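Geometric and topological summary
Each chain, letter by letter, is given below.
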Amino acid sequence: MRLSKDRQVTQHHEQAVQEAKPALQKPTLYMVLLLNDDYTPMEFVVDVLQQVFFKGYDEAVQLMLSVHNSGQAVCGVYPLEIAEMKVKQVQDLAGEQKHPLKSILEPE
Ligand code: TYC
């Protein structure tokens, strides 16, 4: 199809604008990671993984051990507001029992 010079320029311009867009957008999903420490009891971490991240018992144990052995692990991937809520829930539950357990967010 033949296009007028004007149309070609417009199309080229639109394409250039669209290609730049993904780099400017904020990531929409965030990973919630649990961090290891030397003091939080293993059973408490398993409880948190079940209550906050809705893991079954066996998966919660595996995930807790993976954090214990590797330093951290991803517990779930969520939109920002949900991910922030999970971090706060972990912080609140740990704080109630005076455990140093921590979770953080990272862009997916
Ligand atoms: N390392 C802790 C212990 O030996 C257990 C633990 C696991 C703590 C996972 C935090 O996110 C954590 N009691």
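Residues numbered from 1 in each chain as written. Predicted model: local features only at pLDDT ≥ 70, side-chain atom pairs only at ≥ 80, totals over all residues. Heavy atoms only, no water.

Moving on to the sheet that holds strand 3 (residues 102–107). Spatial ordering of the open sheet is given by 2-1-3, a layout of three strands whose pairing is antiparallel. The open sheet has two free edges, formed respectively by strand 2 (72–79) and strand 3, since each of these has just one partner strand. Sheet twist, expressed as the mean angle between neighbouring strand axes with direction ignored, is 30 degrees. Sheet topology note: the strand 1 (residues 29–35)/strand 2 ladder contains seven bridges and is antiparallel. Bridge assignment links Leu29 to a residue of strand 2, and that residue is Pro79. Taken strand by strand, helix 3 (residues 57–70) contacts strand 1 and strand 2, and its axis lies near 125 degrees from that of strand 2. (Pairing = 2+ DSSP bridges. Helix = DSSP H or I, 4+ residues; strand = E, 2+ residues; numbered from the N terminus. Axes fitted to C-alpha atoms, helices over the stretch in contact; angles between N-to-C directions. Contact = heavy atoms within 4.5 Å.)

Around the ligand, the neighbouring residues are Leu34, Leu35, Asn36, Asp37, Thr40, Met42, Val45, Met64, Val67, His68 and Leu101. One of the backbone nitrogen or oxygen atoms of Leu35 is found 2.7 Å away from an oxygen atom of the ligand. One of the backbone nitrogen or oxygen atoms of Thr40 is found 2.9 Å away from a nitrogen atom of the ligand. Surface burial for the ligand is 89%, taken as the share of its 340 Å² of free accessible area covered by protein chains. Broken down by secondary-structure element, the contributors of at least two residues to the shell around the ligand are strand 1, helix 2 (42–53) and helix 3. (Near = heavy atom within 4 Å. Polar contact = N/O pair within 3.5 Å; in protein donor to acceptor, adjacent residues only side chain to side chain. Areas by Shrake-Rupley, 256 points an atom, 1.4 Å probe, with all protein chains shown as cover.)

Given a rise of 1.5 Å per residue, 17 residues ought to cover 24 Å, and the 24 Å separating the end C-alpha atoms of helix 4 (residues 80–96) matches this to within 8%. For helix 4, every residue scored as buried is listed here: Ala83, Lys86, Val87, Val90, Leu93 and Ala94. The arc that holds every buried residue of helix 4, seen down its axis, measures 135 degrees, which confines them to one face. Among the exposed residues of helix 4, those pointing more than 90 degrees away from its buried face are Glu81, Gln91 and Glu96. Buried positions along helix 4 lie against strand 1, helix 2, strand 2 and strand 3. At the C-terminal side of helix 4, Lys98 shows a positive phi close to 60 degrees. (Expected span 1.5 Å × (residues − 1). Buried < 20%, exposed > 50% of the residue type's maximum accessible area, 1.4 Å probe, protein only. Arc of directions from axis to C-beta.)

Here the focus is the confidence of the model for the protein chain. Per-residue confidence for the protein chain averages 86 on the pLDDT scale, and 78% of its residues sit at or above 70. Here residues 1–16 is a poorly scored stretch, pLDDT under 50, and it has two contacts once near neighbours within four places are set aside; other chains count. (pLDDT = per-residue confidence, 0-100.)

Position of Lys55 among the secondary structure elements: in the loop between helix 2 and helix 3. Not counting residues up to four positions away in its chain, the partners in contact with Lys55 are Leu49, Gln50, Ala60, Leu63 and Cys75. Only 3.1 Å separates the side chain of Lys55 from the backbone oxygen of Cys75, close enough to count as a polar contact.

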